[in-house]
Amino acid sequence: MNKTDEILERLKGQQPVIDDPEELTERIMSSLPDREVPRHDRRNLVGRTLLYISSIAAVLLVGFFLYQNRPKEQPVVTQQTETHKTPLPEPQNAEQENMPKVVKKHHVVKSQTSNVTLANIKRDVEQLHVSSSEEPLLASLETERDDSPSPSERAEEQLEEEPVISPEKQALVDIFLAEEVLQVAYEMHEQTEPLRAYIATLEGRELETSHQIISF
Amino acid sequence: MNKRTQQLESEILKRCQRGDKAAFRWVVQSYQRLVFSLALKMLCDEEEAKDIVQETFIRVWQNLESYEPGRPFITWLYTIATRLCLDRLKGMKQLVPLAEDESMLRQFASSSSEGRAIENREWVAIVRMLAAELSTKQRLVFTLCHLEELSSSEVEQITGMDAKQVKSNLYVARQTIRKRLIALGYE
């Protein structure tokens, strides 16, 4: 290699040195003008922000809709009433076949007293009051105490199988129901004597005077 | 530049495009010597070269949104610096070698150590001695191809010349410099 080529080769790739690079850097940085964020970047930023907000709002709306339309729970008493419905006993003789509807309803009510609230009892009593029967109410109630087991006895049998309420409470419920019926009968101007006697048997005491019972 | 470094640089440049000055400081510190080297060899004046470096990075900062991420940043940087150097050369007087420039060249040529770093005043003297008879385009192509060791394709992108023009200018520049060195007594 001749001298010329040697000199040219030695010049290759060599870079001069800046005597004070930090000073030059600071000089450059201090002279930089303020840059605005490009418009398309700003648009993207705004667009992305709106997208995030709308996504969050959509999720909240769906959640709110689902919450509003969630399946509502049935009252416990109604559920228990439905599950503990007992079929009506089949009548054993012709007289019982002619048992009016009000008695049959009373059977149903009696058999379900173990699981109903007082409000339900009142409702059932109202049903008894509304539905008119061909035979007098008391006469039809009297048939309960014939040969066939009374509704209370059937309820007791049922309770023995699936005791849900204590006997004491059951008795109280029976008494309340009977008193309600008595009230209805009084309003219907029916004789109340047999019914009062029935109540007395439930309470385990002798029949009181009528005015004492009516006054309750 | 390996792939990892390229990815890092790409991420930094994205931040710069978003107005991150701290990220741009990294760019300045990484590339200011490279731009200074080109400017000094083109203009043969240290202060003018520093001005070109400052102006180059200001232009880069202002036009970052026009930078295409797929294009090498160094090529784009060289393009800006080259245009500024050519504009500055138009306003400068033609390079005339000084008396001390020849002695510095001889001192450089006679030194035996090849790894010795060339001082900035030596660079100025050598370039004034060797490039005095070159045209602006020939000086530019010789500086980019030979002194900065850029590839022919990069020089085409930076200068806007086609391959034939680059090759032609480079050949003429080398021939002219060789004749100059021979005239100075270097065979």
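Residues numbered from 1 in each chain as written. Chains lettered and ligands numbered in written order. Predicted model: local features only at pLDDT ≥ 70, side-chain atom pairs only at ≥ 80, totals over all residues. Heavy atoms only, no water.

A. Structural view of the overall build of chain A. Assigned secondary structure in chain A consists of twelve helices and zero strands. Helices and strands in chain A line up, N terminus first, as α-α-α-α-α-α-α-α-α-α-α-α. Out of the 216 residues in chain A, the part that is buried amounts to 31%. Excluding contacts between residues fewer than 6 apart, the proportion of contacts in chain A whose partners are at least 24 apart in sequence is 69%. When the accessible area of chain A is evaluated, it comes to approximately 14400 Å², of which 54% is carbon and sulfur surface. (Helix = DSSP H or I, 4+ residues; strand = E, 2+ residues; numbered from the N terminus. Buried < 20%, exposed > 50% of the residue type's maximum accessible area, 1.4 Å probe, protein only. Contact = heavy atoms within 4.5 Å. Areas by Shrake-Rupley, 256 points an atom, 1.4 Å probe, with all protein chains shown as cover.)

B. Geometry of the pattern of salt bridges. All names here are of chain B. This model, assessed by the stated rule, comprises 14 salt bridges over all chains. Its salt-bridge partner being Arg 106, residue Glu 102 comes within 3.0 Å of it at the nearest N-O pair. With Glu 102 and Arg 106 both in helix α5 (residues 99–110), this residue pair falls four residues apart, about one helical turn. Given the relative accessible area of 37%, Arg 106 is considered partly exposed. Its salt-bridge partner being Glu 119, residue Arg 121 comes within 3.1 Å of it at the nearest N-O pair. (Salt bridge = Lys/Arg side-chain N within 4 Å of Asp/Glu carboxyl O.)

C. The nonpolar core, seen in detail. By size, the foremost hydrophobic cluster in this structure holds 73 residues, and its most contacted members are Leu11(A), Phe24(B), Val27(B), Phe57(B) and Phe73(B). If you tally residues by element for this core, the top one is helix α2 (residues 21–43) of chain B, at 13 residues. If near-sequence neighbours (up to four positions away) are discounted, Leu11(A) is found in contact with Phe108(B), Ile118(B), Trp123(B), Ile126(B), Leu130(B) and Leu147(B). (Core = buried A, V, L, I, M, F, W, Y, C linked by side-chain atoms within 4.5 Å.)

D. Region of the structure containing the interface of chain B and chain A. Residue-level contacts link 50 residues of chain B with 31 residues of chain A. Among the residues chain B hides against chain A, the three largest losses belong to Arg25(B), Arg33(B) and Lys50(B). Together they make up 14% of the total. Linking chain B with chain A are five salt bridges, by the criterion used here. In this structure, Arg178(B) and Asp5(A) form a salt bridge, with 2.7 Å as the shortest nitrogen-oxygen distance. The biggest single contributor to the side of chain B that touches chain A is α2(B), with twelve residues. Of the residues belonging to the side of chain B that touches chain A, the class tally is 24 nonpolar, eleven polar and 15 charged. (Buried area = accessible area lost by both parts, 1.4 Å probe. Nonpolar A, V, L, I, M, F, W, Y, C, P; charged D, E, K, R; others polar.)

E. Spotlight on the confidence of the model for chain B. Residues and elements named next belong to chain B. Averaged over every residue, the pLDDT of chain B is 90; residues scoring 70 or more account for 97%. At the low end of the mean pLDDT range in chain B sits α5, at 86; at the high end sits helix α3 (residues 46–62), at 96. Predicted complex metrics record ipTM = 0.90 and pTM = 0.56. (pLDDT = per-residue confidence, 0-100.)

F. Fine view of the side chain of His146(B). Within the secondary structure layout, His146(B) lies in helix α7 (residues 136–147). When its relative accessible area of 3% is taken as the criterion, His146(B) is described as buried. A polar atom in the side chain of His146(B) sits 3.5 Å from the side chain of Arg174(B). Among residues more than four places away in sequence, those in contact with His146(B) are Leu8(A), Lys12(A), Gly13(A), Val141(B) and Arg174(B). (Polar contact = N/O pair within 3.5 Å; in protein donor to acceptor, adjacent residues only side chain to side chain.)

G. Broad picture of unusual backbone geometry. Residue and element names in this part refer to chain B. Even without a glycine there, the phi angle at Cys 44 is positive, about 60 degrees. At Glu 149, a position not held by glycine, the phi torsion is positive, near 60 degrees. Along the polypeptide, Glu 149 turns up in the loop between α7 and α8 (152–159).

H. View of the confidence of the model for chain A. All names here are of chain A. Model confidence for chain A is summarised by a mean pLDDT of 67, while 43% of its residues fall at 70 or above. Per-element mean pLDDT across chain A ranges from 45 in helix α12 (residues 210–214) up to 95 in helix α2 (residues 21–30). Confidence drops under pLDDT 50 across residues 206–216; counting only partners more than four residues distant or on other chains, this segment forms 15 contacts.

I. Expanded view of the side chain of Thr4(A). For Thr4(A), the position within the fold is in helix α1 (residues 3–11). On the basis of relative accessible area, Thr4(A) is assigned to the buried category, the value being 2%. From its side chain, Thr4(A) meets the backbone oxygen of Tyr186(B) in a polar contact 3.3 Å long. Apart from the residues within four sequence positions on either side, Thr4(A) is in contact with Arg178(B), Leu181(B), Ile182(B), Tyr186(B) and Glu187(B).

J. The arrangement of the packing of aromatic side chains in detail. Residues and elements named next belong to chain B. If you walk through the whole model with that rule in mind, you get six aromatic pairs over all chains. Ring geometry for Phe 73 against Trp 76: centres 5.9 Å apart, planes inclined by 55 degrees, an arrangement best described as tilted. Remark: Trp 76 and Phe 73 occur in helix α4 (residues 73–90); sequence separation between them is three residues, near one turn of the helix. This pair shows no difference in class: Phe 73 is buried, exactly as Trp 76 is. Through successive ring pairs, a cluster of aromatic residues spans Tyr 31, Tyr 67, Phe 73 and Trp 76. (Phe/Tyr/Trp six-rings, centres within 6.5 Å; stacked < 30°, edge-to-face > 60°.)

K. Highlighting the packing of α4(B) against α7(B). Residue and element names in this part refer to chain B. Closest axis-to-axis distance for the α4/α7 pair is 12 Å, and the angle between their directions is 145 degrees. For the crossing formed where α4 meets α7, the hand is right-handed. Contact with α4, carried on its side by Tyr 78, Thr 82, Leu 86 and Leu 89, involves Thr 136, Arg 139, Leu 140 and Leu 144 of α7 and no other residues of that element. Tallied by class, residues from the contact of α4 with α7 come to five nonpolar, two polar and one charged. (Axes fitted to C-alpha atoms, helices over the stretch in contact; angles between N-to-C directions. Left-handed = near helix turned anticlockwise from the far one by under 90°.)

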